[in-house]
Amino acid sequence: MPRARRLKVFQAQIGFYDTVVAVPSQPAALKAWGLRQDLFASGHAKVAEDPQAIAAALEHPDIPLKRAVGSDDPF
């Protein structure tokens, strides 16, 4: 039986959007967002803490989800 990947959910504000992505690592998150700059080193990306954002990201692994900055809409 294949072993399940351990996913972490990361969040960042990119442009006009709040984004979340469920991936195994920080480098994988940057790749999914299409970024070369390390947003984690600059403090602009972090591990997600919002339970609803985490649930949405885990439903769609490896796919960055976004919503307008400051919005309470679902991802």
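Because the structure is predicted, anything quoted here is derived from the model rather than measured.

What follows covers the overall build of the protein chain. Broken down by element type, the protein chain carries two helices and four strands. Starting at the N terminus and ending at the C terminus, the protein chain contains elements arranged as β-β-α-β-α-β. Computed over the C-alpha atoms, the radius of gyration of the protein chain is 12 Å, within 12% of the 11 Å expected from 2.2 N^0.38 for a compact globule of 75 residues. Principal-axis analysis of the C-alpha atoms places the extent of the protein chain at approximately 40 × 25 × 20 Å. Relative to its full complement of 75 residues, the protein chain shows a buried share of 29%. Counting contacts in the protein chain only where the partners sit at least 6 residues apart, residues at least 24 apart contribute 53% of the total. Summing over all exposed atoms, the protein chain offers an accessible surface of approximately 5400 Å²; the carbon and sulfur share of this is 54%. For the protein chain, the distance from the average position of its 9 positive side-chain charges to the average position of its 8 negative side-chain charges is 11 Å.

What follows concerns the environment of Lys66. In this fold, Lys66 is placed in strand 4 (residues 65–68). With a relative accessible area of 52%, Lys66 lands in the exposed category. Spatially, the C-alpha atom of Lys66 lies 9.8 Å from that of Ala53, the residues being 13 residues apart in sequence.

Moving on: the environment of Glu49. Locating Glu49 in the fold gives a position in the loop between strand 3 (45–47) and helix 2 (51–59). On the basis of relative accessibility, which here comes to 66%, the residue Glu49 falls in the exposed class. With near-sequence residues (within four places) excluded, Glu49 lies in contact with Gln11 and Ile54.

Let's shift gears to the sheet that holds strand 2 (residues 17–23). Here four strands make up an open sheet; going across it, the order is 3-1-2-4 and the pairing antiparallel. Of all the strands in the sheet, just strand 3 and strand 4 have a single pairing partner and so form its edges. Taking each pair of neighbouring strands and ignoring which way they run, the sheet shows an average axis angle of 20 degrees. Bridge count for strand 1 (residues 8–14) against strand 2 is seven bridges, and the pairing is antiparallel. In the sheet register, Lys8 faces strand 2, and the bridge partner there is Val23. Helix 1 (residues 26–33) contacts strand 1, strand 2 and strand 3 of the sheet and is inclined by roughly 130 degrees relative to strand 2. Each of strand 1, strand 2 and strand 4 is contacted by helix 2, which is oriented at about 55 degrees to strand 2, the strand it contacts most.

So, how was this worked out
Residues numbered from 1 in each chain as written. Predicted model: local features only at pLDDT ≥ 70, side-chain atom pairs only at ≥ 80, totals over all residues. Heavy atoms only, no water. Helix = DSSP H or I, 4+ residues; strand = E, 2+ residues; numbered from the N terminus. Rg over C-alpha atoms; globule rule 2.2 N^0.38 Å. Buried < 20%, exposed > 50% of the residue type's maximum accessible area, 1.4 Å probe, protein only. Contact = heavy atoms within 4.5 Å. Areas by Shrake-Rupley, 256 points an atom, 1.4 Å probe, with all protein chains shown as cover. Lys, Arg positive; Asp, Glu negative; His and termini not counted. Charge placed at Lys NZ, Arg CZ, Asp CG, Glu CD. Pairing = 2+ DSSP bridges. Axes fitted to C-alpha atoms, helices over the stretch in contact; angles between N-to-C directions.

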